[in-house]
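Below are the chains, spelled out letter by letter.
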Amino acid sequence: MKIKIAIVDDNTFLVKAVEEKLSFFEDVNVKFTAMNGLDVLDQLESNHNLNLILMDIEMPVMNGIEATEKIKQKYPHIKIIMLTVFDNDENIFNAIKAGADGYLLKEINAGDLHSGILETLNGGAAMNPSIALKTLKLLRNPFVAQDKKDLQDIKLTEREIDVLEQLSKGLSYNAIANNLMLSTGTIRKHIEHIYRKLQVHNKLEAVQKARRNNLI
């Protein structure tokens, strides 16, 4: 029986790379791909006969952690593996809290990705060794969100403030990259650092918190 999968990622190159990895396995069928959390929720309305979703974390409109929480509430039968370039503690903690069934890094090879999918569908939790180690540490010493932390202690770099200001104008990652003469990958890294420093999970929260605290 075919394993029905959806891939959610705003980077079309990485979507193709994942599809190529899965193409080696006859038991896997990629039903559809989506560009962000809202896109996958829309598509699930008419096509939720899925076994598993491979979900990116950092995406515009709605990130993967928010989407995971909503999907798990509405379609609890669908397994979700976070497939991301980021392995920081906060992302892992929030993904698990949202209901993710596994957490793998995008650099994973085809064989390990397929094994992780099978493991997750059989009730396990697919994780890279480095992620598993971090998860154990989180369970021993749970991450506590410090919402009340004094933001005066937070030091954003000049470049991070530039990126935040561009974000506040509603620009896409590509547009910000063009304006600041940087690569889209570098912009993603800056945004990841901004989210971590501000302790937020999406663009709207970052902009609102930065404005409230006169960072932009």
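Refer to the structure presented above.
Residues numbered from 1 in each chain as written. Predicted model: local features only at pLDDT ≥ 70, side-chain atom pairs only at ≥ 80, totals over all residues. Heavy atoms only, no water.

1. What to know about empty space enclosed by the protein
Counted under the stated rule, the structure contains two cavities of 30 Å³ or more. Each pocket or cavity is described by its volume, and for the largest cavity that value is around 110 Å³. Together, 13 residues line the largest cavity, and Glu58, Asn91, Tyr195, Val200 and His201 are the ones closest to its centre. Contributing elements (two or more residues each) for the lining of the largest cavity: helix H4 (89-98) and helix H9 (184-198). Grouping the amino acids of the lining of the largest cavity by side-chain chemistry returns four nonpolar, five polar and four charged. As a volume, the second largest cavity reaches approximately 40 Å³. (1 Å grid on protein atoms, 1.4 Å probe; cavity = no way out; pocket = protein on both sides within 12 Å on 5 of 7 lines; lining within 4 Å. Points joined across faces, edges and corners; volume = space filled by probe spheres on them. Helix = DSSP H or I, 4+ residues; strand = E, 2+ residues; numbered from the N terminus. Nonpolar A, V, L, I, M, F, W, Y, C, P; charged D, E, K, R; others polar.)

2. Some details on the side chain of asparagine 202
Within the element layout of this structure, asparagine 202 appears in the loop between H9 and helix H10 (203-212). Look at asparagine 202 and you get buried, because its relative accessible area is 13%. A polar contact is formed between the side chain of asparagine 202 and the side chain of glutamate 66, at a distance of 3.4 Å. (Buried < 20%, exposed > 50% of the residue type's maximum accessible area, 1.4 Å probe, protein only. Polar contact = N/O pair within 3.5 Å; in protein donor to acceptor, adjacent residues only side chain to side chain.)

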